Amino acid sequence: MKHPLAVALAVALIATVPSLAHNAQAQAKTDKTVKSTADTAKPSANPFFQPSPLPLQFPQFDKIKDSDFAPAFDRGMADQLKEVAAIADNPEPATFDNTILAMERSGRILNRSVSTFFNLVGTDTNANREKLQQQYAPKLAAHQDAITLNPKLFARIKDLYEKRASLGLDAEGVRLIERYHSDFVRAGANLTEAQKTRVKAINGELAELGATFSKNVLKEVQDSAIVVDTKEELAGLSDERIAAAAEAAKARGLQGKYLLTLLNTTGQPPETDLTNRALREKLHKASVIRGSRGNEWDNTGIVSKVVALRAERAKIMGYPNYAAYVLADETAKSPEAVNKMLGQLAPAAVANAKREAADLQAMIDKEQAAKGEKSFQLEPWDWAFYAEKVRKEKFAFDEAELKPYFEMKNVLENGVFYAAGQLYGLTFKQRTDLPLYRDDVTAYDVFDSNGKQLAIFIADMYARDSKRGGAWMNSYVEQSELFGTLPVVANHLNIPKPPAGKPTLMTWDEVTTMFHEFGHALHGMFSNVKYPYFSGTSVPRDFVEFPSQVNEMWADWPSVLANYAKHYQNGQPMPKELLDKVLAASKFNQGFATTEYLGAAMLDQNYHQIGDLSKVPAAKDVVAFETASLKKDGIYYPPVPPRYRTTYFSHIMGGYAAGYYAYIWSEVLDANTVEWIKQHGGLTRENGDRFRATLLSRGGSKDALQLFRDFSGHEPQIQPLLERRGLTAPAAKPAPAK
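Bear in mind the structure is a predicted one, so any value in this text is a computation, not a measurement. (Residues numbered from 1 in each chain as written. Predicted model: local features only at pLDDT ≥ 70, side-chain atom pairs only at ≥ 80, totals over all residues. Heavy atoms only, no water.)

Some thoughts on the packing of aromatic side chains
Piece 1. Tallying each qualifying case throughout the model produces 45 aromatic pairs.
Piece 2. Centroid distance phenylalanine 417 to tyrosine 444: 5.0 Å. Interplanar angle 80 degrees. Geometry classified as edge-to-face. Placement of phenylalanine 417 in helix α15 (residues 408-424) and of tyrosine 444 in strand β4 (residues 442-447) is noted, with a sequence separation of 27 residues between them.
Piece 3. Under the relative-accessibility criterion, tyrosine 444 is labelled buried at 2%.
Piece 4. Consider the rings of phenylalanine 691 and phenylalanine 711, whose centres lie 5.0 Å apart with planes at 65 degrees: the pair is edge-to-face. On the criterion of sequence distance, the pair formed by phenylalanine 691 in helix α24 (residues 685-696) and phenylalanine 711 in helix α25 (residues 704-712) is long-range, its members being 20 residues apart. Both residues of the pair, phenylalanine 691 and phenylalanine 711, belong to the buried class.
Piece 5. The structure contains a cluster of three or more aromatic residues connected by ring pairs, namely Phe48, Phe69, Phe73, Phe117, Phe118 and Tyr136.
Piece 6. In this structure, arginine 290 is placed above the aromatic ring of tyrosine 648, and the distance from its NZ or CZ to the ring centre is 4.0 Å.
Piece 7. Sitting over the ring of tyrosine 636, lysine 631 keeps its end group 5.1 Å from the ring centre. (Phe/Tyr/Trp six-rings, centres within 6.5 Å; stacked < 30°, edge-to-face > 60°. Helix = DSSP H or I, 4+ residues; strand = E, 2+ residues; numbered from the N terminus. Buried < 20%, exposed > 50% of the residue type's maximum accessible area, 1.4 Å probe, protein only. Lys NZ or Arg CZ within 6 Å of the ring centre and 35° of its normal.)

Concerning unusual backbone geometry
Piece 1. The backbone of lysine 333 shows a phi angle near 75 degrees, a positive value even though the residue is not glycine.
Piece 2. As for its position among the elements, lysine 333 is in the loop between α11 (322-327) and α12 (335-370).
Piece 3. The exposure class assigned to lysine 333 is exposed, which follows from its relative accessible area of 52%.

Describing the sheet that holds strand β6 (residues 472-477)
Piece 1. As summarised here, the arrangement of the five strands in space is β3-β4-β5-β7-β6, forming an open sheet in which the pairing is mixed. Either end of the sheet is taken by a strand with one partner, and the two such strands are β3 (427-431) and β6. The average undirected angle you get between the axes of adjacent strands in this sheet is 25 degrees.
Piece 2. Pairing of strand β5 (residues 453-462) with strand β7 (residues 488-495), which is carried by six bridges, proceeds in the parallel orientation. In the strand pairing of β7, aspartate 460 is matched with histidine 492.
Piece 3. Of the strands in this sheet, β5, β6 and β7 are in contact with helix α3 (residues 108-123), which crosses β6 at around 150 degrees. (Pairing = 2+ DSSP bridges. Axes fitted to C-alpha atoms, helices over the stretch in contact; angles between N-to-C directions. Contact = heavy atoms within 4.5 Å.)

Overview of the pattern of salt bridges
Side chains that carry opposite charge are capable of pairing whenever their charged atoms lie near each other.
Piece 1. By the definition in use, this model includes 45 salt bridges.
Piece 2. Aspartate 359 is the salt-bridge partner of lysine 394, the closest N and O atoms lying 3.1 Å from each other. Here aspartate 359 lies in helix α12 and lysine 394 lies in helix α13 (residues 380-395), a separation of 35 residues in the sequence.
Piece 3. The class for lysine 394 is partly exposed, based on a relative accessible area of 49%.
Piece 4. Classification of aspartate 359 as partly exposed rests on a relative accessible area of 35%. (Salt bridge = Lys/Arg side-chain N within 4 Å of Asp/Glu carboxyl O.)

Concerning the confidence of the model for the protein chain
Piece 1. The share of residues in the protein chain with pLDDT of 70 or more is 93%, and the mean pLDDT across the chain is 91.
Piece 2. Scored below 50 in pLDDT, residues 1-43 makes 178 contacts in the model with residues more than four places away or belonging to other chains.
Piece 3. Every residue in residues 729-738 scores below 50 in pLDDT, and together they form 17 contacts with partners more than four places removed in sequence or on other chains. (pLDDT = per-residue confidence, 0-100.)

Quick notes on the side chain of serine 52
Piece 1. Mapping serine 52 onto the fold places it in the segment before α1 (66-88).
Piece 2. A distance of 2.5 Å separates a polar side-chain atom of serine 52 from the backbone oxygen of phenylalanine 58.
Piece 3. Those residues in contact with serine 52 that lie beyond four places of it in its chain are Gln57, Phe58, Pro59 and Gln60. (Polar contact = N/O pair within 3.5 Å; in protein donor to acceptor, adjacent residues only side chain to side chain.)

Structural notes on the pairing of β7
Along any regular strand the residues' side chains alternate between the sheet's two faces.
Piece 1. By the criterion of burial, β7 is predominantly enclosed, with eight of the eight residues buried.
Piece 2. Burial of the side chains of β7 extends over both faces: Val488, Ala490, His492 and Asn494 are buried on one face and Val489, Asn491, Leu493 and Ile495 on the other.
Piece 3. With five bridges connecting them, β6 and β7 associate as antiparallel partners. If you follow serine 475 over to β7, its bridge partner there is valine 489.

Examining the environment of lysine 566
Piece 1. For lysine 566, the location among the structural elements is in the loop between α18 (558-564) and α19 (576-584).
Piece 2. Setting aside residues up to four positions removed in sequence, lysine 566 forms contacts with Pro404, Tyr405, Asn410, Gly571, Gln572 and Pro573.

Digging into the nonpolar core
Piece 1. Grouped together as the largest cluster of nonpolar side chains are 147 residues, with contacts concentrated most on Phe406, Phe457, Phe515, Phe518, Met525, Trp554 and Tyr564.
Piece 2. Among the elements that line this core, the one with the most residues is α12, at 12 residues.
Piece 3. Ignoring sequence-local partners within four residues, the contact set of tryptophan 554 consists of Ala419, Leu423, Phe515, Val560, Ile677, Gly682 and Leu683.
Piece 4. The next biggest cluster of nonpolar side chains, apart from the first, holds 30 residues, and it includes Phe61, Phe73, Ile109 and Phe118. (Core = buried A, V, L, I, M, F, W, Y, C linked by side-chain atoms within 4.5 Å.)

Some words on the environment of lysine 282
Piece 1. Tracing the backbone through its elements, the reader meets lysine 282 in helix α9 (residues 277-288).
Piece 2. Along the backbone, lysine 282 and tryptophan 381 are 99 residues apart, and their C-alpha atoms lie at a distance of 8.7 Å.

Some words on the packing of helix α5 (residues 151-162) against helix α6 (residues 171-187)
Piece 1. Running from amino to carboxyl end, α5 crosses α6 at an angle of 135 degrees, the nearest separation of the two axes being 9 Å. The angle between α5 and α6 places the two elements in the oblique class. Pair α5 / α6 crosses with left-handed handedness. Here Leu153, Phe154, Ile157, Lys158, Leu160 and Tyr161 of α5 come into contact with α6, specifically with Ile177, Glu178, Tyr180, His181, Phe184 and Val185.
Piece 2. Each residue belonging to the contact of α5 with α6 can be placed in one class, and the counts come to nine nonpolar, one polar and two charged. (Parallel < 35°, antiparallel > 145°, perpendicular 65-115°, else oblique. Left-handed = near helix turned anticlockwise from the far one by under 90°. Nonpolar A, V, L, I, M, F, W, Y, C, P; charged D, E, K, R; others polar.)

Written out as structure tokens, the structure reads:
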């Protein structure tokens, strides 16, 4: 459901999530029938009680205290319930203005505070915020239920839905009624009172379990960091990374030692470079056992309960399983469609991974023989290390050779921003006068091609203990004509912070991730819709990754790369021969990458396609269920475990439940679009303006696949994706657009 508070319970759990708190910072126009008491109140010390006075309603991070959130939540919920009651009890017949637009305008204090709170929980949490999250997650879920399960309110929405074609509305207005009706029905508006009572209880319990899972994941990441006694054990790591490990240990009171901190993925970056195989093994095993160690942060019981509750709720809603419930509102439409697509990719992916493994094993055998030592079998903790060796041998370059050309700020300003300038005419100017929640976060004004301000962009690139893993975009303020608001959007990465005075040098993966996340930011910044419901990235889960994946294409576009890939010390451009090797290696290790992703995506489907509650694994059986599922789907290959194992798979405990397939589903659209852009001249304003006008600016105001057809002129085809990932399939001609 995409009504204002739907995202509140999940936003801290998931990566690259479209913000659904769509009227969070709305200001100005107040409904004539329902007027918020919040925005007419006298000035208050609580910064959430009125819209921020800063440019574009930028959050007042310097004035926001943790103690402000609970009063804002409480007052915001109370105010919105009054507003909703006034709408539901209005004796006048339902109209678009007094019902739908009144709902769009409701809950402004709550949305301001909720969106800011959960954004901060994800990027800079602390004990107070974790406690508040645990305390308010079920309260917010209950508040949402009080709105969506209000029978009088639904009766008004249903009345408008049934006569929507005769109301004289434009297409966006008609779609808004349809979406409200769909959201209320999917929330349970048509259920019996007994069923509604049970759904409310389930929603509250799920919210609480989700908050606990999120907290446990972060605690396990922190607790599972590997302490290393000597510098010698870190052989293979760069001096900068070793210094960072020393700083991390010092910060935890481990003077003279080194700390290898974990990311919330199965594979860990140091595995690529550590020559100490025993330490690689220790690091890997610490990673994969997180959440299933039987300690206070064990997540197996939570997984079992969540899967059972979701299955039960789906049954109440009339669906065979939770995946069917979720996918009915996505572009995929059904579990069968997802299973078909994933099943089509899995055999080729595993076959590719096994071919890659043979190359790695040959490298192991050769090196061991050269040392006069017995060889050993390739294990998961060996993959990244020997893949890098094979990469060097095949393409004659070392990943470490690239990093001096990828200084972080230069990549952002002369790479990411430069591409956006060439494609869309945007310009950027850093601001130093806005308050920020950390001193290593930056903010930029974004100006359109006509010189007018388009948005404010926040760049939060560094990893920290208080930040969840992964990379994502979120919104603090979303665009809407209804409220006259412009976007304030943020990108978050987890780049290790170097010691003071040292440059931040990025890997190629981090560079492409920066371009990817900025694709989400563009989707938010280019939004040009009337109603906050449709703003920015408020699109189906299996569509939202598509624009961001398209933006990755500019990372190695020759003219863009030439503008930012310059040595941080002398400004010399990256040698062409090194660039050529990078491009030649683009399909290297794709068997591994596709297999680890599909393992996680298919695992997600296996949990959420359970319809029989007796088949839900108990806590003690969660790990075994994972293995059995991977084997059943033909994706079980021990050297390549899933990118996320169940107990730290935050995506599926949050907004990507039954939706992790969305990345590869979106990549089908992405691969088609990249081919179209290349065929039509590449990095040109004409192509950028077309992509912006037909797709990026439309948010959720039109059917997602129709937006793709509007841009490309044809139906999506899987062939470009298969070719990109080094897989094969018969070519197919594009079907004509409908």
